[in-house]
Amino acid sequence: MNIDTRIKFRHLVCFLEVARQGSLARAADKLAISQPALSKTLKELETLLEATLFERGKKGSTLTEAGAAFLRYAGPSVQSLREGVNSLRSGVHEPITVQLGVLSTVESLLVPEVVCRLHDRHPALVVSVMTGPSAYLLSQLRVGELDLVVGRMTDSPLISGLTFEHLYSESMTLVVRAGHPALTAPQGHKNLEDYPLVLPSAGTTIRKFADSLFVQHGITPSRQRLETLSVALSRRYVQCSQAIWVAPHDAVRQDLRQGELVELDLGMREPGGSVGLCTNPALPVTPAAQWCVEALREIGQEYREGQYP
């Protein structure tokens, strides 16, 4: 019997949810089925594929090498099937949607410009944006929940097997509110450790660049910190406190231009990391995703040429 005819949609959905959740219990809860039923479905799929897809342990369920290989195709297949079913709904006009994963480094400047251009050119387009750390967004890209991911992510181990395209380089900078005492301090920055710090969350790609900035300038980081990927929270906290924000330059470019934040001059700038777009080569490129890629390339070129909004 042809093995393809025995693999059901429920097998793929259960497999993808366990891969996404990393736990049978959480996946069963998400799918609103019992854990024994979920385990039985996975066992059926493993039998049909003649491969072990997960390693079960006390810490949850981890994809095996075979499971990771199958994931590259199962996620896009399910997503394509869902899109095909939606496109055939009788009497219902479904707007075209692009699922975009956005890291905090680009949500303030780049992505709003991308959305403006897309809506100018495609009136019926829905741009659905998911934010979060690179590890989470890349995992969603792998299973077909996202069409592409934008931001700094080249240092993430989860980028392996995906396709990354460089758009432009962006540096990190230290910013404070207008009137901050550090702005009038004598030359040298040894006293910066006296002020609270706002840093990207530990373990993220952008945090590595932030940490390297301190090393390059010989600055001892403060022990009092706010660690977050939220640009809005970081901006508001810095504006109402004595905190110093180690920020991606794009996130604060307009604040600096308007005088709401001020850059601390360290005499040299961190060389910058690569901002780009990441796609899944196993995922069919939808027209909406291609439109988004084209807009990103246009703006990336403008950024490289110094044409900032």
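Report follows, based on the coordinates.

Reading the values: the criteria
Residues numbered from 1 in each chain as written. Predicted model: local features only at pLDDT ≥ 70, side-chain atom pairs only at ≥ 80, totals over all residues. Heavy atoms only, no water. Helix = DSSP H or I, 4+ residues; strand = E, 2+ residues; numbered from the N terminus. Buried < 20%, exposed > 50% of the residue type's maximum accessible area, 1.4 Å probe, protein only. Contact = heavy atoms within 4.5 Å. Areas by Shrake-Rupley, 256 points an atom, 1.4 Å probe, with all protein chains shown as cover. Lys, Arg positive; Asp, Glu negative; His and termini not counted. Charge placed at Lys NZ, Arg CZ, Asp CG, Glu CD. Core = buried A, V, L, I, M, F, W, Y, C linked by side-chain atoms within 4.5 Å. Phe/Tyr/Trp six-rings, centres within 6.5 Å; stacked < 30°, edge-to-face > 60°. Disulfide = S-S within 2.5 Å. 1 Å grid on protein atoms, 1.4 Å probe; cavity = no way out; pocket = protein on both sides within 12 Å on 5 of 7 lines; lining within 4 Å. Points joined across faces, edges and corners; volume = space filled by probe spheres on them. Nonpolar A, V, L, I, M, F, W, Y, C, P; charged D, E, K, R; others polar. Expected span 1.5 Å × (residues − 1). Arc of directions from axis to C-beta. Pairing = 2+ DSSP bridges. Right-handed = clockwise from strand over helix to strand, strands pointing away. Polar contact = N/O pair within 3.5 Å; in protein donor to acceptor, adjacent residues only side chain to side chain.

### Considering the overall build of the protein
From N to C terminus, the protein includes 10 helices and 12 strands. Taken over the C-alpha atoms alone, the protein extends approximately 80 × 50 × 30 Å along its principal axes. Counting over 309 residues, the protein shows a buried share of 45%. Within the protein, contacts between residues separated by at least 24 positions form 74% of all contacts whose residues are at least 6 apart in sequence. By element, 52% of the accessible surface of the protein is carried by carbon and sulfur atoms, the whole surface being about 15,500 Å². Mean positive and mean negative side-chain charge positions of the protein (31 and 32 charges, respectively) differ by 6 Å.

### Looking at the nonpolar core
Among the nonpolar cores identified, the biggest contains 25 residues, and Leu100, Val106, Leu110, Val114, Leu148, Cys292 and Leu296 are the most heavily contacted of them. Among the elements of the structure, strand 3 (96-102), helix 5 (110-121), strand 4 (125-131), strand 5 (148-151), strand 6 (163-170), strand 12 (273-279) and helix 10 (287-304) are those that each provide at least two residues to this core. Per-element tally for this core: the top contributor is helix 10, with eight residues. Residues in contact with leucine 296, not counting those within four places in the same chain, are Leu110, Val114, Leu148, Val150, Leu167 and Leu277. With 20 residues, the next largest nonpolar core counts Ile7, Cys14, Leu24 and Ala74 among its residues.

### Notes on the packing of aromatic side chains
Applying the stated criterion to the full structure yields three aromatic pairs. Here phenylalanine 15 and phenylalanine 54 contribute two aromatic rings whose centre-to-centre distance is 5.5 Å and whose plane-to-plane angle is 50°, an arrangement assigned as tilted. Pair noted here: phenylalanine 15 is in helix 1 (residues 9-21) and phenylalanine 54 is in strand 1 (residues 54-57), with a separation of 39 residues, a long-range link. The exposure classification of phenylalanine 15 matches that of phenylalanine 54, with both residues buried. In textbook terms, an aromatic cluster arises when at least three aromatic residues are bridged by ring pairs, as seen for Phe15, Phe54 and Phe70.

### Regarding the state of the cysteines
One pass over the structure, following the stated rule, counts zero disulfides. The thiol of cysteine 292 is not disulfide-bonded; the next cysteine sulfur, from cysteine 116, is found 13 Å away.

### Points about the layout of surface pockets
Left-over empty space is what a probe sized like a water molecule reveals as it rolls over the atoms. Its boundaries defined by the atoms lining it, the second largest pocket holds a volume of some 290 Å³. Along the wall of the second largest pocket there are 17 residues; nearest its centre are Ala19, Arg20, Gly22, Leu63 and Ser139. Of all elements in the fold, only helix 1, strand 2 (60-63), helix 4 (65-87) and helix 6 (134-142) reach the threshold of two or more residues within the lining of the second largest pocket. Here the residues of the lining of the second largest pocket sort into eight nonpolar, six polar and three charged.

### Focus: helix 10
Compared with an ideal rise of 1.5 Å per residue, which puts 18 residues at 26 Å, helix 10 spans 26 Å between its outermost C-alpha atoms and is within 8% of the ideal. By the burial criterion, the buried members of helix 10 are Ala288, Ala289, Cys292, Val293, Ala295, Leu296, Ile299, Gly300 and Tyr303. For helix 10, the angular spread of the buried residues around the axis is 165°, confining them to a single face. Of the residues one or two after helix 10, glycine 306 is the one with positive phi, at around 85°.

### Focus: the pairing of strand 4
Here strand 3 runs beside strand 4; their pairing, made up of seven bridges, is parallel. Each bridged residue has a counterpart across the sheet, and for valine 98 the counterpart in strand 4 is valine 127. A crossover links strand 3 with its parallel partner strand 4, the connecting element being helix 5, and its sense is right-handed.

### Regarding the side chain of threonine 204
By the element assignment, threonine 204 lies in the loop between strand 8 (197-199) and helix 7 (205-217). Since its relative accessible area comes to 10%, threonine 204 is described here as buried. At 2.7 Å, the side chain of threonine 204 and the backbone oxygen of serine 201 are in polar contact.

### Things to note about the side chain of threonine 64
Of note, threonine 64 is situated in the loop between strand 2 and helix 4. Setting aside anything within four residues of it in sequence, one finds threonine 64 in contact with Thr52, Leu53, Phe54 and Glu55.

### Structural notes on empty space enclosed by the protein
In total, this model carries two cavities of 30 Å³ or more according to the counting rule given. Looking at the largest cavity, its volume works out to about 100 Å³. Looking at the largest cavity, it is lined by 14 residues, and the ones nearest its centre are Ser104, Pro200, Thr228, Trp245 and Pro248. Those elements that provide at least two residues to the lining of the largest cavity are strand 8, helix 8 (231-239) and strand 10 (244-248). With three residues, strand 10 is the single largest residue contributor to the lining of the largest cavity. The residue inventory of the lining of the largest cavity, partitioned by class, reads nine nonpolar, five polar and no charged. Size it by volume and the second largest cavity reaches roughly 70 Å³. Contributing to the lining of the second largest cavity are Leu103, Ser104, Thr105, Gly132, Pro133, Ser134, Arg152, Thr204, Thr205, Ile206 and Leu229. Of the residues belonging to the lining of the second largest cavity, the class tally is four nonpolar, six polar and one charged.

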